[in-house]
Amino acid sequence: MRISFLGPPGSGKGTQAERLSKEFGIPHIATGDILRDTIRKDTSLGKKVKAYLGMGRLVPDDIITELILEKIDKAEDFLIDGFPRTLAQAERLEKTAPIGILLFFQVSEATIVSRLAQRRICPSCGRVYNLTSDPPIIAGVCDRCGRSLIVREDDRETTVKRRLEVYRGETLPLIEYYERKGTLRYLDAEGDPDTVYEKIKRIVCGDDNSEV
Ligand code: AMP
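What counts as what
Residues numbered from 1 in each chain as written. Predicted model: local features only at pLDDT ≥ 70, side-chain atom pairs only at ≥ 80, totals over all residues. Heavy atoms only, no water. Axes fitted to C-alpha atoms, helices over the stretch in contact; angles between N-to-C directions. Helix = DSSP H or I, 4+ residues; strand = E, 2+ residues; numbered from the N terminus. Contact = heavy atoms within 4.5 Å. Nonpolar A, V, L, I, M, F, W, Y, C, P; charged D, E, K, R; others polar. Parallel < 35°, antiparallel > 145°, perpendicular 65-115°, else oblique. Left-handed = near helix turned anticlockwise from the far one by under 90°. UniProt positions renumbered as here; feature names shortened; annotations may be inferred. Buried < 20%, exposed > 50% of the residue type's maximum accessible area, 1.4 Å probe, protein only. Near = heavy atom within 4 Å. Areas by Shrake-Rupley, 256 points an atom, 1.4 Å probe, with all protein chains shown as cover. Lys, Arg positive; Asp, Glu negative; His and termini not counted. Salt bridge = Lys/Arg side-chain N within 4 Å of Asp/Glu carboxyl O.

Colleague: Account for the packing of helix α7 (residues 157-171) against helix α8 (residues 173-181), with residues named and values stated.
Modeller: Geometrically, a packed helix pair is captured by the angle between its two axes and the distance between the axes. Relative orientation of the contacting elements α7 and α8 amounts to 35°, with a least axis distance of 5 Å. Note on element contacts: α8 touches α7 through P173, L174 and I175, opposite R168, G169, E170 and T171. Residues belonging to the contact of α7 with α8 are distributed by class as follows: three nonpolar, two polar and two charged.

Have a look at this one:
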């Protein structure tokens, strides 16, 4: 099973991918997390990547593709969120490991803005929280490792605007690409995480054709 989650920032790709990967034992490749790990290493590559994320821009195709394909080559089955995000990435992925399902997370802009404003992240283990739907047990502190939670730098208002522009310009054209391949599935990603998760399971397990 090779699945990719595609959608705007804040559509819930990472949260849902983590859950699905745990339940079905599919290796999860989280593109944003891989990039944030690269930044933490503070190498020259890390500094370059940091600059792109800080501006709300996409990391160049050659850099991201190399980082991701290195992981994919080793995995027969995978669930990837946040890749591909451009046509060049999609074409490269198709050559290496064609995906079976491209799940497109559809949410309104109002939902995106509100979810990103509510998102907090642990700078140490990367656990993601939502202050309303999935808050930490102790306010401001990571349940897993006790570190203080932070707002992701690229979740600030001006950067979010830029990320949405980039999403519309560079990532949305992928819909047509995967539609032509017959692997696109639409997901209504509004609503609470449990409801969305049940819909994902129905689509992935082939029990729901209503949104295809
Ligand atoms: P995410 O955590 O998936 O929202 O990704 C955070 C940031 O990482 C994005 O705003 C981009 O700057 C970068 N990024 C993630 N995935 C990709 C990708 N496939 N191609 C280029 N840049 C990416």
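Colleague: Kindly report on the packing of helix α6 (residues 109-118) against α7, identifying the contributing residues and their values.
Modeller: Across the interface, α6 lies against α7 with an axial gap of 12 Å and an inter-helix angle of 140°. When the axis of α6 is compared with that of α7, the two are oblique. You can see that α6 and α7 cross each other, and the crossing is right-handed. The segment α6 lies against α7, with E109, I112 and L116 engaging V160, R163, L164 and R168. For the contact of α6 with α7, the class distribution of residues is four nonpolar, no polar and three charged.

Colleague: Before we move on, could you go through the UniProt feature "binding site: Zn(2+)" (unreviewed entry) in the chain and cite the residues and values that matter?
Modeller: Under the present numbering, the feature "binding site: Zn(2+)" (unreviewed entry) in UniProt falls on C122, C125, C142 and C145. The greatest C-alpha distance among the annotated residues, which extend across 24 residues, is 8.7 Å, indicating that they converge on a single site. Topologically, C125 is positioned in the loop between β5 (119-121) and β6 (128-130). The class of C125 is partly exposed, set by a relative accessible area of 32%. Those residues within four positions of C125 in sequence are excluded, and the remaining contacts are C142, R144 and C145. Excluding residues within four positions of it along the chain, C142 makes contact with C122, C125, R127, Y129, R147 and L149.

Colleague: Just give me the short version of the site of the ligand, but keep the residues and values in it.
Modeller: Near the ligand there are 16 residues, and of these R57, V59, G82, R85 and Q89 occur at the shortest range. Protein chains shield 95% of the accessible area of the ligand, which is 480 Å² for the free molecule. The element best represented in the shell around the ligand is helix α2 (residues 31-40), accounting for four residues. Among the residues making up the shell around the ligand, the classes are represented as six nonpolar, four polar and six charged.

Colleague: Talk me through unusual backbone geometry; I want residue IDs and the actual numbers.
Modeller: Most of the time, phi is negative for any residue but glycine, and the peptide bond is trans. Residue F83 is joined to P84 through a cis peptide bond whose omega torsion reads 0°. Along the chain, the position of P84 falls in the loop between β3 (78-81) and α5 (87-96). A positive phi angle, near 60°, is found at D42, a position not held by glycine. Mapped onto the elements, D42 comes out in the loop between α2 and α3 (44-55).

Colleague: Break down the side chain of K13 for me, citing the residues and quoting the values.
Modeller: With respect to the helices and strands, the residue K13 is situated in helix α1 (residues 13-24). Here K13 sits buried without a salt bridge, and the closest side chain of opposite charge, D81, lies 5.7 Å off (N-O distance). The residues contacting K13, other than those within four sequence positions of it, are F5, L6, G7, P8, D81, G82, R85 and F105.

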